[in-house]
Amino acid sequence: MNKRIIIILGVGILSIGSYFIFKNIVVSLLIFVFYYCLDFYKKSADKTKENKLIQDKEYEFANLLSYLLVFLDNNFNVYQSLQLSLNYCKECLVKDVETLISEIDLDKSIIPYQNFASKFKSNIIYQIVMMIYQLDINGYDAKYLANFPSLINSLKQARIDSIIQSRKMNMSFMTIFPIIALLGVVFTLVFYILSMVGGNI
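Residues numbered from 1 in each chain as written. Predicted model: local features only at pLDDT ≥ 70, side-chain atom pairs only at ≥ 80, totals over all residues. Heavy atoms only, no water.

**Structural notes on empty space enclosed by the protein**
Right, on to step 1. Applying the stated rule across the entire model yields one cavity of 30 Å³ or more.
Right, on to step 2. For the largest cavity, the calculated volume is near 70 Å³.
Right, on to step 3. Lining the largest cavity are Phe-61, Leu-64, Leu-65, Leu-68, Leu-82, Leu-100, Tyr-113, Phe-116, Val-129 and Ile-132.
Right, on to step 4. Contributions of two or more residues to the lining of the largest cavity are made by helix H2 (25-73), helix H5 (111-117) and helix H6 (123-138). (1 Å grid on protein atoms, 1.4 Å probe; cavity = no way out; pocket = protein on both sides within 12 Å on 5 of 7 lines; lining within 4 Å. Points joined across faces, edges and corners; volume = space filled by probe spheres on them. Helix = DSSP H or I, 4+ residues; strand = E, 2+ residues; numbered from the N terminus.)

**Some thoughts on the nonpolar core**
Right, on to step 1. Of all hydrophobic cores here, the largest spans 32 residues; its most connected members are Phe-61, Leu-65, Tyr-113, Val-129, Ile-132 and Phe-148.
Right, on to step 2. Breaking this core down by element, the ones donating at least two residues are H2, helix H3 (78-85), helix H4 (91-106), H5, H6 and helix H8 (148-200).
Right, on to step 3. Sorting elements by how many residues they give to this core places H6 first, with eight residues.
Right, on to step 4. Not counting residues within four places of it along the chain, the set of residues in contact with Phe-61 comprises Leu-93, Phe-116, Phe-120, Ile-125, Ile-128, Val-129 and Leu-155. (Core = buried A, V, L, I, M, F, W, Y, C linked by side-chain atoms within 4.5 Å. Buried < 20%, exposed > 50% of the residue type's maximum accessible area, 1.4 Å probe, protein only. Contact = heavy atoms within 4.5 Å.)

**Brief notes about the packing of aromatic side chains**
Right, on to step 1. As enumerated under the stated definition, the model contains seven aromatic pairs in all.
Right, on to step 2. Considering the side-chain rings of Phe-116 and Phe-120, the 5.3 Å spacing of their centres and the 70° angle between planes classify their relative orientation as edge-to-face.
Right, on to step 3. Every member of this aromatic cluster is reached through a ring pair, and the members are Tyr-67, Phe-71, Phe-76 and Tyr-88.
Right, on to step 4. One residue, Lys-57, lies across the ring of Phe-120, its end atom 5.7 Å from the ring centre. (Phe/Tyr/Trp six-rings, centres within 6.5 Å; stacked < 30°, edge-to-face > 60°. Lys NZ or Arg CZ within 6 Å of the ring centre and 35° of its normal.)

See the structure below:
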């Protein structure tokens, strides 16, 4: 059974049990409100963490590409350049590059490169990875490599824009979350008052 379903069932049982213990529906409703507020916060935090990891990987990809170009300029092929660049790769990207190299060992088609590119959200990175594949099958081309520096700059600028946007979203979330929690409490109290009024009529 899905872990989330088990937690929801547990909260439901706890809420019903609290009603029989305290004989007060407000306590039961507050348990649900607290759970859903906490769940909303956790999902948002997990999403923020996931986005940050992707942003870090995309920024590190720009650094990796810089090393890759150096090795390509020194007459190493793409496969050799990837292996050498791995020594300068930060932890957040090491596993993905290792997987790419391992897949290339088994498959010389475009698929390993597509799998690697799918780890990122950036369209620029996808274009760059496809260009690297073209270099792999066609060999060194100085004119072709001349396109990379501008793409690296675009990638780094996209990273900066992404950070700014993430911070704006985090600030918005910090403003909205207390409001949502407050509305949940207000709704619970209103429901309780109405139920009490209805019971006295």
